[in-house]
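# Understanding the architecture of this molecule
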Amino acid sequence: MHTGSRSPARAGGLYVATLLFVVFSALPFYVMLITSFKTQGDIFSPAANPFWFSAPPTLANIKLLFFQTQFVQWLINTVWVGLAVVVITLALSVPAAYGLARIAGGWGETLGIGIFLSYLVPPTLLFIPFSKVIAFLGLQNSLWALIVAYPTFTVPFCTWLLMGFFKGIPRDIEEQAMIDGHNRFSAFIHVVLPLALPGLMTVVVFAFTLSTSEFIYALAFVTHTADKTISIAVPTELIRGDVYHWGPLLAGALIASIPIAVLYTFFIDQLVAGLTSVARN
């Protein structure tokens, strides 16, 4: 009787905690949405309600963002860099992870840990020497500087991540495929990769989100306005001196966050499956 009376209380406490977490997580996006349609007077007035409209909504912030800045070009730059980094990351990390997990033998695990540890080096320690490399390659003020730099910290983590996936796929499946007439490469393409799809999707989501939200390298390597990505263009181009254009600034941040939110919404199952698979292995 005592246990039964406690169960609804526990459920109610869980629901309250979940509701508080949802409100806490959604509040920044709500504030960005509201501020995007506020007038300048409504934004800066101390008497205005920060969580609702004290003056009629306006589209002036959206018009300024799209017609008086290069926001569309910044979006294109961000998507281009993200997709290029994803392709490079997959092209390098997939064969590296498979080789370490299947072919390298006992030292593959040690080498895989070493590769992962290189990911833990803070980017703030690397962007200064990396700027020398970018200058030597002649890639200053170019999106190619970011495309070259970002795989240096997406590939190590994704290689370690995919190693766990490939280890979780039984070798018997590949051996059976080779008995049926496939060589190792063909068995890898037709048998192993489909089974490792959750891991591949995890790599795609990780590499894309990291490369589209990274700030330090983008700030150090790109200064031309037309070549900037969203992560640096919004805060640097919409904050001019001590003037903060809060309406366009938060509108740009909100619009840039929508594709990432959609990406996580559609692939959250694969992402969770990928990370939990690595933890099991």
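Above this text sits the structure in question.
Nothing here was measured: the structure is a model prediction, and the numbers come from that model. (Residues numbered from 1 in each chain as written. Predicted model: local features only at pLDDT ≥ 70, side-chain atom pairs only at ≥ 80, totals over all residues. Heavy atoms only, no water.)

## Section: the overall build of the protein
The test is simple: Secondary structure follows DSSP: runs of H or I at least 4 residues long count as helices, runs of E at least 2 residues long count as strands, and numbering of each begins at the N terminus. Exposure is judged per residue with a 1.4 Å probe applied to protein chains only, and the accessible area is read against the type maximum: over 50% gives exposed, under 20% gives buried, and values in between give partly exposed. Only the protein chains shown count as covering a residue, and every accessible area follows the Shrake-Rupley method with a 1.4 Å probe.
When its secondary structure is counted, the protein shows 14 helices and two strands. Across the 281 residues that make up the protein, the buried fraction comes to 38%. If you sum the accessible surface of the protein, you get close to 15,600 Å²; carbon and sulfur atoms cover 73% of it.

## Brief notes about the side chain of aspartate 42
What counts here: Positive residues here are Lys and Arg, negative ones are Asp and Glu, while His and the chain termini are left out of the count. Every case where a carboxyl oxygen of Asp or Glu lies within 4 Å of a side-chain nitrogen of Lys or Arg is listed as a salt bridge. Any pair of N or O atoms that falls within 3.5 Å is considered a polar contact. Within protein, one atom must be able to donate a hydrogen and the other to accept it, and sequence-neighbouring residues count only if both atoms are side-chain atoms. By definition, residues are in contact when any of their heavy atoms lie within 4.5 Å.
Of note, aspartate 42 is situated in helix H2 (residues 40-44). We note that aspartate 42 is buried and unpaired, the nearest opposite charge coming from lysine 38 at a distance of 4.2 Å. In terms of polar contacts, aspartate 42 uses its side chain to reach the backbone amide nitrogen of serine 54, at 3.0 Å. One polar contact links the side chain of aspartate 42 to the main-chain amide nitrogen of alanine 55, over a distance of 3.3 Å. If we ignore the near neighbours within four places in the chain, the residues touching aspartate 42 are Ala48, Trp52, Phe53, Ser54 and Ala55.

## Some points on the layout of surface pockets
Definition in use: Space inside and on the surface of the protein is sampled on a 1 Å grid over the protein atoms alone, with a cavity defined as a set of points where a 1.4 Å probe fits but cannot get out and a pocket as an open set with protein on both sides within 12 Å along at least 5 of 7 lines; lining residues have an atom within 4 Å of a point. Grid points are joined across faces, edges and corners, and a volume is the space filled by probe spheres set on the points.
By volume, the largest pocket amounts to about 280 Å³. Taken together, 16 residues form the lining of the largest pocket, with Thr78, Thr212, Ile230, Ala256 and Ser257 sitting closest to its centre. Elements that contribute at least two residues to the lining of the largest pocket include exactly helix H4 (71-103), helix H11 (197-213), helix H13 (230-237) and helix H14 (246-280). Per-element tally for the lining of the largest pocket: the top contributor is H14, with five residues.

## Examining the nonpolar core
Spelled out, the test is: We call a set of buried residues a nonpolar core when its members are Ala, Val, Leu, Ile, Met, Phe, Trp, Tyr or Cys and they connect through side-chain atoms within 4.5 Å of each other.
In terms of nonpolar packing, the biggest core is built from 38 residues, with Leu146, Tyr150, Phe166 and Phe221 touching the most fellow members. Those elements that provide at least two residues to this core are H4, helix H6 (123-137), helix H7 (143-149), helix H8 (151-168), helix H10 (184-195), H11 and helix H12 (216-221). Setting aside anything within four residues of it in sequence, one finds leucine 146 in contact with Val81, Pro151, Tyr217, Ala218, Phe221, Val222 and Thr229.

## Examining the packing of H8 against H11
Each pair of packed helices gets described by two things: the angle between the helix axes and the distance between those axes. Test applied: In this analysis, axes come from line fits to C-alpha atoms, helices being fitted only over the stretch in contact, and the angle between any two N-to-C directions falls in the range 0 to 180 degrees. Relative orientations are named as follows: roughly parallel for angles under 35 degrees, roughly antiparallel for angles over 145 degrees, roughly perpendicular for angles from 65 to 115 degrees, and oblique for any other angle. For any pair of crossing helices, the crossing counts as left-handed if the nearer helix is rotated counterclockwise from the farther one by less than a right angle, and right-handed if it is rotated clockwise. Under the convention adopted here, Pro, Cys and the residues Ala, Val, Leu, Ile, Met, Phe, Trp and Tyr are nonpolar, Asp, Glu, Lys and Arg are charged, and Gly plus all remaining residues are polar.
Running from N to C, H8 and H11 cross one another at 165 degrees; their axes reach a closest spacing of 10 Å. Taken together, the axes of H8 and H11 are roughly antiparallel relative to one another. Crossing handedness for the pair H8 and H11: right-handed. Contacts between H8 and H11 pair Phe153, Thr154, Phe157, Cys158, Leu161, Leu162 and Phe165 from the former with Pro198, Gly199, Leu200, Thr202, Val203, Phe206, Ala207 and Leu210 from the latter. Counted by class, the contact of H8 with H11 contains twelve nonpolar, three polar and no charged residues.

## Points about the packing of aromatic side chains
Short version of the rule: Each aromatic pair joins two rings of Phe, Tyr and Trp (for Trp, the six-membered one) with centres within 6.5 Å, and gets the label stacked for planes under 30 degrees apart, edge-to-face for over 60, and tilted for any other angle.
With the rule as written, the count across this model stands at 15 aromatic pairs. Here tyrosine 98 and phenylalanine 188 contribute two aromatic rings whose centre-to-centre distance is 4.5 Å and whose plane-to-plane angle is 50 degrees, an arrangement assigned as tilted. Here the residue tyrosine 98 occupies a position in helix H4, and phenylalanine 188 occupies one in helix H10, the gap between them amounting to 90 residues. With respect to class, tyrosine 98 is no different from phenylalanine 188; both count as buried. Measuring from ring centre to ring centre gives 5.9 Å for phenylalanine 130 and tyrosine 217, while their planes differ by 65 degrees; the resulting arrangement is edge-to-face. Of the two residues, phenylalanine 130 sits in helix H6 while tyrosine 217 sits in helix H12, which places them 87 residues apart along the sequence. Judged by relative accessible area, which is 1%, tyrosine 217 ranks as buried. Every member of this aromatic cluster is reached through a ring pair, and the members are Phe130, Tyr150, Phe153, Tyr217 and Phe221.

## Overview of H8
Our working definition: To estimate how far a helix should reach, multiply one less than its number of residues by 1.5 Å.
Helix length check: H8 (18 residues) gives 25 Å between terminal C-alpha atoms against 26 Å at 1.5 Å per residue, within 8%. Of all 18 residues in H8, 14 are buried, a share of seventy percent or more.

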